[in-house]
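# What the coordinates show
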Amino acid sequence: MSAAVTDLHPAAPAAASDLEQVRIDLAAALRWAHRLGLSEGVDNHFSAAVADEDGVIRGKRFLINPYGWHWSEVTASSLVLCDEDGNVLEGDNAVETSAFCIHSRVHVNVPSAVVVLHTHMPYTTSLTLLEDPEVRMCEQNALMFDGRLAYDDEYDGLAQATEEGDRLSRKIGNRSVLMMASHGVLVTGPDVASAFTDLYYLERAATFQVLARSTGGRLRTISDSVREKAREQFAVDRPPLAERHFKALRRILDREEPEYRH
């Protein structure tokens, strides 16, 4: 794989976002992931760390989608608030074992991973099935992730112990995205809007690359100087893009599926 540029994350926010707004945003992300064909039955998980009692986010408490609920029916109030030991603090629903084992440890071990999104979305997952799973820096959407991707080349069955979450935390390191061999992807971020926008554009990049590879032709290359320029541009453009994108998604849901907020 080509050398990647170190991507140091900003520190976690010193104070929590409004808990109810985080619930609404996470429910919106789950609903939209279903609409875009990025969900898989009642599996996969989206989570968001929330503040401890002193108002600081340490990853020890987090919201996560309830086990057994289809993403199209998740609402803000159905999300489960639990702690790093698996205790349900708010909600009447359960948390799936693998969801807890992965997300609880990533939130604690990776301070920048305030939001953790795990999916088996089709085109990104298809790349993880290849012996060469690299997302090539040959196209504009892919360049959004230049230096931000980590690759896990191991697969050891279902995540049913927290040690797997610790291992995945070490693999993602100081990157934003972990491509999980023969499995799927973890996308992390400082807030729901940022993480979900990355999830969306990663799947777009993977879609283009799978289609391009299927032609049997050679992928284009982009010079190092242009890659460096694009990294600087995206560092500035990503935050406002995420905010605008996610506000638009919420507006559509507010018109068409307003119950997601309840």
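Described in the following lines is the structure provided in the data block. (Residues numbered from 1 in each chain as written. Predicted model: local features only at pLDDT ≥ 70, side-chain atom pairs only at ≥ 80, totals over all residues. Heavy atoms only, no water.)

Here we come to the pattern of salt bridges. Evaluation of the coordinates by the stated rule reveals 21 salt bridges. With a shortest N-O distance of 2.6 Å, glutamate 257 and arginine 31 are connected by a salt bridge. With glutamate 257 in the segment after α7 (224-256) and arginine 31 in helix α1 (residues 19-35), this residue pair connects regions lying 226 residues apart in the sequence. Exposure remark for glutamate 257: the relative accessible area of 15% places this residue in the buried category. On the basis of relative accessibility, which here comes to 3%, the residue arginine 31 falls in the buried class. Here glutamate 256 ties to arginine 35 by a salt bridge, and the two come within 2.8 Å at their closest N and O atoms. Highlighted residues: glutamate 256 in helix α7 and arginine 35 in helix α1, separated in sequence by 221 residues. (Salt bridge = Lys/Arg side-chain N within 4 Å of Asp/Glu carboxyl O. Helix = DSSP H or I, 4+ residues; strand = E, 2+ residues; numbered from the N terminus. Buried < 20%, exposed > 50% of the residue type's maximum accessible area, 1.4 Å probe, protein only.)

The next point concerns unusual backbone geometry. Although it is not a glycine, asparagine 44 sits at a positive phi angle of roughly 70°. Tracing the backbone through its elements, the reader meets asparagine 44 in the loop between α1 and β1 (45-49). A positive phi angle is found at serine 182, which is not glycine, with a value near 55°. The topology assignment puts serine 182 in the loop between β7 (177-180) and β8 (184-189). Given the relative accessible area of 46%, serine 182 is considered partly exposed.

Right, let's get into the sheet that holds strand β4 (residues 88-90). Spatial ordering of the open sheet is given by β4-β3-β2-β1-β5-β8-β7-β6, a layout of eight strands whose pairing is mixed. One side of each edge strand has no neighbouring strand; the edge strands of this open sheet are β4 and β6 (149-152). The mean angle between the axes of side-by-side strands here comes to 25°, regardless of whether they run parallel or antiparallel. Across five bridges, strand β5 (residues 115-119) lies against β8 in antiparallel orientation. Bridge pairing in β8 links valine 116 to threonine 188. (Pairing = 2+ DSSP bridges. Axes fitted to C-alpha atoms, helices over the stretch in contact; angles between N-to-C directions.)

Where burial is concerned, most of β1 is hidden: five out of the five residues are buried. Judged by which residues are buried, β1 turns out to be covered on both faces: His45, Ser47 and Ala49 on one side and Phe46 and Ala48 on the other are all buried. As judged from the four bridges shared by β1 and β5, these two strands associate in the antiparallel manner. Bridging across to β5, serine 47 finds its partner in valine 116. Pairing of β1 with strand β2 (residues 61-64), which is carried by three bridges, proceeds in the antiparallel orientation. The partner of serine 47 across the bridge, within β2, is isoleucine 64.

Scanning the model with the defined rule gives three aromatic pairs in all. Over the aromatic face of tryptophan 32 sits the side chain of arginine 35, whose NZ or CZ is 4.9 Å from the ring centroid. (Phe/Tyr/Trp six-rings, centres within 6.5 Å; stacked < 30°, edge-to-face > 60°. Lys NZ or Arg CZ within 6 Å of the ring centre and 35° of its normal.)

Time to look at α7. One turn of the α-helix equals 3.6 residues, which is why residues spaced by three or four share an orientation. The end-to-end C-alpha distance of α7, which contains 33 residues, comes to 44 Å, matching closely the 48 Å that a straight helix rising 1.5 Å per residue would cover. Along α7, the helix axis deviates most sharply at aspartate 237, where the bend reaches about 40°; the proline proline 239 sits within four residues downstream. In the core, the buried residues of α7 are packed alongside α1, α4 (140-143) and α6 (192-214). (Expected span 1.5 Å × (residues − 1). Bend = angle between axes of the 7 residues up to and from the residue. Contact = heavy atoms within 4.5 Å.)

Core analysis: the largest hydrophobic core is formed by 54 residues, its most contacted members being Phe46 and Phe196. Once residues lying within four places of it in the same chain are set aside, the contact partners of phenylalanine 196 are Ala29, Trp32, Ala33, Leu36, Phe46, Leu117, His245, Phe246 and Leu249. Counting residues in hydrophobic clusters, the runner-up holds twelve residues, among them Val110, Ala150, Leu168 and Ile172. (Core = buried A, V, L, I, M, F, W, Y, C linked by side-chain atoms within 4.5 Å.)

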